[in-house]
Amino acid sequence: MSFNHILRGMLLTLPIMIGIIPLGIIFGAQAVQAGFEPLAAIFMPAINFAGGSEFAIIPLWSITPPILLIILTTFLINSRHLVMGAALAPYLEGQPFYRVALIYFFMCDET
């Protein structure tokens with residue numbers, strides 16, 4: 001894979017980014033308003049790559065609930081990825097494990 005392929009991929013995702021950037025701004029504003037440090041608000045989406053659970057965790061985190069409740073909420077919201085992964089599985093047959101793992105890692109329903 002060359003740099004040209006990466007650059008082309010970045011350019012092709014620009015239309016999607018137009019819709020994602022406002023979500024990031026809204027998330028950041030809500031997180032800081034709930035008491036998150038700005039650096040934590042920046043890194044949370046990088047660690048938890050699932051928009052629905054990110055927004056659900058903000059009010060939970062601000063009231064300091066048991067960590068198990070946060071984990072369970074995140075799992076329930078993200079369980080939709082189990083169905084998407086099962087639907088994608090036939091198309092990934094014969095692919096190397098590292099590629100399948102990478103595809104599943106970056107799989108998201110927003111795009």
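Just above, that's the structure.
Residues numbered from 1 in each chain as written. Predicted model: local features only at pLDDT ≥ 70, side-chain atom pairs only at ≥ 80, totals over all residues. Heavy atoms only, no water.

A. How the structure looks around the overall build of the chain. From N to C terminus, the chain includes seven helices and zero strands. Along the chain, from the amino end to the carboxyl end, the secondary structure elements read α-α-α-α-α-α-α. The C-alpha atoms of the chain give 17 Å as radius of gyration, which overshoots the globular expectation for 111 residues (13 Å, by more than 25%). Expressed as lengths along the three principal axes of its C-alpha atoms, the size of the chain is roughly 45 × 30 × 20 Å. Counting all 111 residues of the chain, 21% fall into the buried class. Counting only contacts in the chain whose residues sit at least 6 apart along the sequence, the fraction spanning at least 24 positions is 48%. Just so you have it, the chain exposes about 8300 Å², and 76% of that area is on carbon and sulfur atoms. (Helix = DSSP H or I, 4+ residues; strand = E, 2+ residues; numbered from the N terminus. Rg over C-alpha atoms; globule rule 2.2 N^0.38 Å. Buried < 20%, exposed > 50% of the residue type's maximum accessible area, 1.4 Å probe, protein only. Contact = heavy atoms within 4.5 Å. Areas by Shrake-Rupley, 256 points an atom, 1.4 Å probe, with all protein chains shown as cover.)

B. Region of the structure containing the packing of helix 2 (residues 14-33) against helix 3 (residues 38-47). Where helix 2 contacts helix 3, the two axes come as close as 9 Å, and the packing angle between them is 135°. Taken as axis vectors, helix 2 and helix 3 run oblique relative to one another. In the packing of helix 2 onto helix 3, the handedness of the crossing is right-handed. Contact with helix 2, carried on its side by Phe27, Ala31 and Val32, involves Pro38, Ala41, Met44 and Pro45 of helix 3 and no other residues of that element. (Axes fitted to C-alpha atoms, helices over the stretch in contact; angles between N-to-C directions. Parallel < 35°, antiparallel > 145°, perpendicular 65-115°, else oblique. Left-handed = near helix turned anticlockwise from the far one by under 90°.)

C. Layout of the packing of aromatic side chains. Counted according to the given criterion, the structure contains one aromatic pair. Judged by centre distance (5.6 Å) and plane angle (85°), the rings of Phe27 and Phe55 are edge-to-face. Of this pair, Phe27 sits in helix 2 while Phe55 sits in helix 4 (residues 51-62), placing them 28 residues apart in sequence. (Phe/Tyr/Trp six-rings, centres within 6.5 Å; stacked < 30°, edge-to-face > 60°.)

D. Spotlight on the environment of Ile18. By secondary structure assignment, the location of Ile18 is in helix 2. Overall, Ile18 belongs to the exposed group, its relative accessible area being 65%. Sequence spacing of Ile18 and Leu92 is 74 residues, and the spatial spacing of their C-alpha atoms is 29 Å.

E. Examining the nonpolar core more closely. Counting nine residues, the largest nonpolar core is built from Phe27, Ala31, Phe36, Ala41, Met44, Ile57, Ile58, Leu60 and Ile70. Residue assignment for this core shows that the elements contributing at least two residues are helix 2, helix 3 and helix 4. With three residues, the top contributor of residues to this core is helix 4. In contact with Ile70, not counting residues within four places along its chain, are Ile57, Leu60, Trp61 and Pro65. (Core = buried A, V, L, I, M, F, W, Y, C linked by side-chain atoms within 4.5 Å.)

F. Examining the side chain of Thr74 more closely. Looking at where Thr74 falls in the secondary structure, it is placed in helix 5 (residues 67-78). Separated by 2.9 Å, the side chain of Thr74 and the backbone oxygen of Ile70 make a polar contact. Residues contacting Thr74, with those up to four places away along its chain left out, are Asn48, Ser53 and Ile57. (Polar contact = N/O pair within 3.5 Å; in protein donor to acceptor, adjacent residues only side chain to side chain.)

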